[in-house]
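Fold and contact review
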Number of protein chains: 2
Amino acid sequence: MRLVIAQCTVDYAGRLTAHLPLAERLLILKQDGSVLVHSDGGSYKPLNWMSPPCRMEESEPTPTQADAGIERIWTVRHTKTDDTLEVSIYRILHDSEHDLGVDPGLEKDGVEAHLQKLLAEHIEVLGPGYSLVRREYMTAIGPVDILARDAQNASVAVEIKRRGEIDGVEQLTRYLELMNRDPLLAPVRGVFAAQEIKPQARTLAEDRGIECLVVDYDALRGMDDPSTRLF
Amino acid sequence: MRLVIAQCTVDYAGRLTAHLPLAERLLILKQDGSVLVHSDGGSYKPLNWMSPPCRMEESEPTPTQADAGIERIWTVRHTKTDDTLEVSIYRILHDSEHDLGVDPGLEKDGVEAHLQKLLAEHIEVLGPGYSLVRREYMTAIGPVDILARDAQNASVAVEIKRRGEIDGVEQLTRYLELMNRDPLLAPVRGVFAAQEIKPQARTLAEDRGIECLVVDYDALRGMDDPSTRLF
DNA sequence: GCTTACATCTCGAAT
DNA sequence: ATTCGAGGTGTAAGC
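Quick look at the structure, then. (Residues numbered from 1 in each chain as written. Chains lettered and ligands numbered in written order. Predicted model: local features only at pLDDT ≥ 70, side-chain atom pairs only at ≥ 80, totals over all residues. Heavy atoms only, no water.)

Okay, the protein's contact with DNA strand D next. Near DNA strand D there are 18 residues, and of these Arg162 of chain A together with Arg15, Asn48, Trp49 and Gln200 of chain B occur at the shortest range. Expressed as a percentage, the sugar and phosphate content of the atoms of DNA strand D within 4 Å of the protein is 75%. Here a phosphate oxygen of DNA strand D sits 2.6 Å away from a polar atom, N or O, in the side chain of Lys161 of chain A. Measuring from a base nitrogen of DNA strand D, one finds a side-chain N or O atom of Tyr12 of chain B at 3.5 Å. Mapped onto the surface near DNA strand D, the elements with two or more residues apiece are β11 (155-164) of chain A together with β4 (48-50) and α4 (199-207) of chain B. Its residues assigned to classes, the surface near DNA strand D comprises seven nonpolar, four polar and seven charged. (Near = heavy atom within 4 Å. Polar contact = N/O pair within 3.5 Å; in protein donor to acceptor, adjacent residues only side chain to side chain. Helix = DSSP H or I, 4+ residues; strand = E, 2+ residues; numbered from the N terminus. Nonpolar A, V, L, I, M, F, W, Y, C, P; charged D, E, K, R; others polar.)

Written out as structure tokens, the structure is:
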């Protein structure tokens, strides 16, 4: 990894064209050829970048460019598409090389899959007398997160999101429409479950007769079998 | 901006929990308090990070941590949520500070807004005899990208995407449903326009009687008034 | 300030 | 390889 702090302009041409005016920025050149252009603010997204697979070529400026104060040109070309990133360097303020080795990678926990598993294990939070039919119930247009039956033995399709937004309601609506054509299942009610449900999504869901359920991840986790807990 | 190359482990706790095992990584500390943890590969997304607004505190390790080889601890806390990023530093290989100043920001061209403008200016690509009613035609649930009339003076609602996917078809469907209740507009046909239309989106659109139109950004740009062109 | 929709989205899993 | 859904999405525009 090479770290360069430089006064530069940047031009990108590919899926769109973009330009960065002259300023001091951090340029990161990774082992795989990728380049990141960062400013001293914003979030984790670089101002501009080139994703691998790509290759960087360093070249001397033309006389015209040199007259404009450009010291050198970096041309980064994507290997498969013809995306190009051109960095015109006016002044280098820092330049260092570091050998980091391969990273062992990130270990995650707590995303939608876990929420689905927890809700399936504690299907009673949907209401008294509910029973689980199965998780990832397959339909022609994709798997429904959870299929259950209520106390009256009627089918209930549950769509689970971390954040409940409008597209989740649309998804559940498509499933319900399809499942309600199946005489073995119909009538199927819908439950839209999420840790947080946006007002627009709630309105759309209730307008379509879909029940909204806000689930508490920590509370569900607390209902785990005591034998699996630490204390 | 502070750049640190260090042997470290990282733990994040917030909307999910995540852990990075011991390895050498680049740590970027920006002026606004945000922290980025990068490996020497992958794309522009850091392995782990903390977005602003947040604050970093450097502290000494506990005796137990010191025995494990930890030199110091960085605790980064989000100001609004209780998200926490903890970096345990075992060895610092590089540490430098740089004053970059505020970045003037990125100038873009070629995104959806531009595509919409171009299509509105060349509404004839929809078919002979088409005329533009207006861009961003407002409805109760949001603006339709383009409202036009065909050769028979019937209303046509156009939804434009750079990449046409299923949620774009859903969006247009909601607009059409609403607009077709308006006797001044009905009947309204739908056109789903994009530089690229995914097969699933095309299937869904055509199933709902929505016409799919693949638009060529460069060709539209080439149809510009000759006076604005270079040659 | 909050909500909505776009993004050079990125990333991973399933097909 | 392609497609599809999720994201600690980020980000800018609209209200």
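Let us look at the protein's contact with DNA strand C. Of all residues adjacent to DNA strand C, which total 19 residues, the nearest are Arg15, Asn48 and Gln200 of chain A together with Lys161 and Arg162 of chain B. Considering DNA strand C, the proportion of its atoms within 4 Å of the protein that are sugar or phosphate atoms stands at 80%. For DNA strand C, a base oxygen lies 3.1 Å from a polar atom in the backbone of Trp49 of chain A. Residue Glu112 of chain B places a main-chain N or O atom 3.0 Å away from a phosphate oxygen belonging to DNA strand C. Among the elements of the structure, β4 (48-50) of chain A together with β11 (155-164) of chain B are those that each provide at least two residues to the surface near DNA strand C.

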